[in-house]
Amino acid sequence: MKNKLRKHFKWNTKCKLCLLPSLIGTSVFFVVPYIRVLYYSLIDNQFRRNFVWLDNYIKTLTNEYFLLSLKNSLLLIVTAVPILVMLALIISLALSYGIRWVRKTRVAFILPMVIPTASIVLIWRGVFADSSAVLPIYLLFIWKNIGICVVLLTAAFTSIESSVYEAARLDGAGSFILHTKITISMIAPTVFFTVLLSIVNSFKIFKESYLYYGTNYPPDHSYTLQYYMNNNFLKLDYQSLAASAVLTSILVFGIVMAGMAIQRRFDR
Amino acid sequence: MRKVNAVIFTVLALIFILPVAATAVMSFSSEGTPSLQGYVDLLFDCFVFYPMFWNSVLYAAAITIAQLVVIIPCAFGFSQAKFKGKGALFVFYIILMMMPLQVTILPNYIGLRDMGLINTPWGIILPMIFSPFGVVVMRQYMKSIDNSVIEAARLETDSVFRILITSVIPQLRVCIFAVVLFVFADCWNMVEQPMLFLKDDSLKTLSVFIANAQDYTGAVLFPAAVIFLIPVLILYFFFNENLEKGLTLGDLS
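Residues numbered from 1 in each chain as written. Chains lettered and ligands numbered in written order. Predicted model: local features only at pLDDT ≥ 70, side-chain atom pairs only at ≥ 80, totals over all residues.

Student: Quick one: what's the story with the overall build of chain B, residue by residue and with numbers?
Tutor: The secondary structure content of chain B amounts to 13 helices and two strands. Relative to its 253 residues, chain B shows a buried fraction of 46%. In chain B, of all internal contacts separated by at least 6 residues, the share reaching a separation of at least 24 is 78%. (Helix = DSSP H or I, 4+ residues; strand = E, 2+ residues; numbered from the N terminus. Buried ≥ 20, exposed ≤ 12 C-beta atoms within 10 Å, placed from the backbone. Contact = placed C-beta atoms within 7 Å.)

This is the structure we're talking about:
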């Protein structure tokens, strides 16, 4: 008995050691430097190092470019994300239950996910040559992100086992109501996760936008949070950069935590 | 109805492929007429192209391989080890996965600067090895694998390494293929890191070459964009079947 227990502890220790390489790397490149970023956000500059506490945050939150970029980032979330998820839902439904020919189109919808933006943006520039609207960036966002949404949703649809439907039919449910109800309840967590992931990915549209405009100063309507930060990066303005990095991370942290809390409620 | 569906989805699929197809078509034309001039200029006259292409291959391949070495044991540890705070630690990985590059790039930069790795290939490779996406995906997938195989293997050996090789990795195949495709494409697509972490042109990647498009004559751009697509396209056609089964991210609770 004692021997077995010791063996269990030894095994458990070994399993914990498996986590170590990843934990060390994550600490060295993310966690420890992030703490320094927090520190930078609270001092006046890197040489004097006087604590100014929230001054950098106040400066950032009242900076008109920061507010403009925040507004644009939020606008992308409330407009493009719902369209993206709806479109992905329709496509996934067709890919899961459609005829063979429809299923074969899957390759086309998932492909953009792996296509390097740098390659594709040339065409975008050609097509929307004079457009000063936000539309090209929104389209690029939807085009680029539909793949991952379709992958996740299709996986959810196909993982609903037919036995679930059969069990419900035995309970006397009608066919149409049955399908809709079961399907909705089974894929709800995934739909929810897809929305969450798309919101988060909308913060990552900077690369697409940057490559499309080819400048650090795009038209006002496309000046998103990441431009603000990138420009501070180029100016080596570490204090503003640190403050906006911390603010953005708090925003994303809030969105993810709220999302996971809601998802947990769904499950009950 | 079925026919209508088929037509709608064929058209929709074509729209989605159109940008890729148009890029390919454009690469074979010069001033409106079909020609191979762009490719000739790129492959024979453009001296920066080859080193940048190989840099892209080197970085993406090194990161993908090293990431597998790190994330497979890590995901295994998450599924087998018992300790307090494991759930919270995993939530931390999820949150880190969700963070946009603009949040993580400054910590990355500071870490690399202090270690003197700015303007070296390591500055690109090392932080990407520890990107949390693979850990989250693989740990989720581990939930669905057959634990009895691992239990049986433990009766024969105490070596975690041998159990990983003989009983875990074979079961992870689909997930590994999906992660390889996703991570390779992600690295191949990097623009910000090479632009901000590298100064020497000899270290930069093909994505930077295309991003700084204005510096070069138009004719070589589309051919460069097409050649830039090819490695990910090849991987895509080999591995895309594994995506739906491999990326089981949907339900994180």
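From this point, things continue past the structure.
Student: Residue-level account of the overall build of chain A, with values.
Tutor: Along the backbone of chain A there are twelve helices and zero strands. Reading chain A from its N terminus to its C terminus gives the helix and strand order α-α-α-α-α-α-α-α-α-α-α-α. Here chain A holds 268 residues, and 42% of them are scored as buried. A separation threshold of at least 6 residues defines the contact pool for chain A, and within that pool the share at least 24 residues apart is 75%.

Student: Hey, could you go over helix H6 (residues 117-127) of chain A for me, with residue numbers and the actual values?
Tutor: Of all eleven residues in H6 of chain A, eight are buried; the element is thus mostly enclosed. Regarding H6 of chain A, the residues found buried are Thr117, Ala118, Ser119, Ile120, Val121, Leu122, Ile123 and Trp124 of chain A.

Student: A description of the nonpolar core should follow, citing residues and the corresponding values.
Tutor: Core analysis: the largest hydrophobic core is formed by 140 residues, its most contacted members being Val150 and Leu152 of chain A together with Met138 of chain B. By residue number, the principal contributor to this core is helix H9 (residues 160-188) of chain B, which donates 14 residues. Sequence-distant contacts of Val150 of chain A, defined by excluding residues within four places in its chain, comprise Ala88, Ile91, Ser92, Leu95, Phe109 and Ile110 of chain A. (Core = buried A, V, L, I, M, F, W, Y, C linked by C-beta atoms within 7 Å.)

Student: Explain the interface of chain B and chain A residue by residue, including any values.
Tutor: Listed as interface residues are 75 residues of chain B and, on the opposing side, 72 residues of chain A. Of all the elements, helix H1 (residues 2-27) of chain B adds the most residues to the side of chain B that touches chain A, at 13 residues. Of the residues belonging to the side of chain B that touches chain A, the class tally is 53 nonpolar, 16 polar and six charged. (Nonpolar A, V, L, I, M, F, W, Y, C, P; charged D, E, K, R; others polar.)

Student: Before we move on, could you go through the packing of helix H3 (residues 49-80) of chain B against helix H7 (residues 133-142) of chain B and cite the residues and values that matter?
Tutor: Residues and elements named next belong to chain B. Packing of H3 against H7 brings their axes to within 8 Å, and their N-to-C directions diverge by 45°. As judged from the angle between their axes, H3 and H7 are oblique. Judged by the twist between their axes, the crossing of H3 over H7 is right-handed. Residue-level inspection shows Gln67, Ile71, Ile72, Cys74, Ala75, Phe76, Phe78 and Ser79 of H3 in contact with H7, the latter providing Gly134, Val135, Met138, Arg139 and Met142. (Axes fitted to C-alpha atoms, helices over the stretch in contact; angles between N-to-C directions. Parallel < 35°, antiparallel > 145°, perpendicular 65-115°, else oblique. Left-handed = near helix turned anticlockwise from the far one by under 90°.)

Student: Lay out the domain arrangement of chain A in plain terms, naming residues and giving numbers.
Tutor: Residues and elements named next belong to chain A. Once the domains are mapped, chain A shows domain 1 (1-42) and domain 2 (57-267). Between domain 1 and domain 2, the contact holds four residues from the first and seven residues from the second. Here the side of domain 1 that touches domain 2 is composed, by residue class, of three nonpolar, one polar and no charged. (Domains from an automatic or database assignment.)

Student: Account for unusual backbone geometry, with residues named and values stated.
Tutor: The general pattern is negative phi for most residues beyond glycine and trans for most peptide bonds. With a phi close to 65°, Asn119 of chain B is a non-glycine residue in the positive phi region. Positionally, Asn119 of chain B belongs in the loop between helix H5 (101-114) and helix H6 (121-129).

Student: Let's hear about the environment of Ile150 of chain B: which residues, and what values?
Tutor: With respect to the element layout, Ile150 of chain B can be found in helix H8 (residues 147-156). What Ile150 of chain B contacts, discounting residues up to four positions off in sequence, is Ile163, Ser167 and Val168 of chain B.

Student: Lay out the confidence of the model for chain B in plain terms, naming residues and giving numbers.
Tutor: Within chain B, residue pLDDT values average 87, and 96% of them lie at 70 or more. For this predicted complex, the interface confidence comes out at an ipTM of 0.87, alongside a pTM of 0.88. (pLDDT = per-residue confidence, 0-100.)

Student: Break down the domain arrangement of chain B for me, citing the residues and quoting the values.
Tutor: Residue and element names in this part refer to chain B. Here chain B is partitioned into domain 1 (1-35) and domain 2 (50-246). Taken over C-alpha atoms, the centre of domain 1 sits 31 Å from the centre of domain 2. Every contact between the two is made by five residues of domain 1 and, on the other side, five residues of domain 2. The element best represented in the side of domain 1 that touches domain 2 is H1, accounting for four residues.

Student: So what's going on with the environment of Lys204 of chain B? Residues and values would help.
Tutor: Residue position: Lys204 of chain B is located in the loop between helix H10 (192-197) and helix H11 (206-211). Judged by the 22 C-beta atoms lying within 10 Å of it, Lys204 of chain B is buried.

Student: Residue-level account of the environment of Lys207 of chain A, with values.
Tutor: As for its placement among the helices and strands, Lys207 of chain A is situated in helix H10 (residues 206-213). Residue Lys207 of chain A is classed as buried on the basis of its 21 C-beta neighbours within 10 Å. A C-alpha to C-alpha distance of 7.8 Å links Lys207 of chain A and Thr117 of chain A, two positions 90 residues apart in sequence. Those residues in contact with Lys207 of chain A that sit more than four places away from it in its chain are Thr117 of chain A together with Val191 and Glu192 of chain B.

Student: Can you break down the packing of H3 of chain B against H6 of chain B residue by residue, with the values?
Tutor: All names here are of chain B. It is the contact of H3 with H6, at a shortest axis distance of 9 Å, that shows an interaxial angle of 35°. By crossing handedness, the relation of H3 to H6 is classed as right-handed. Between H3 and H6, the residues in contact are Tyr59, Ala62, Ile63, Ala66, Gln67 and Val70 and Pro121, Ile124, Ile125, Met128 and Ile129, respectively. Tallied by class, the residues present in the contact of H3 with H6 amount to ten nonpolar, one polar and no charged.

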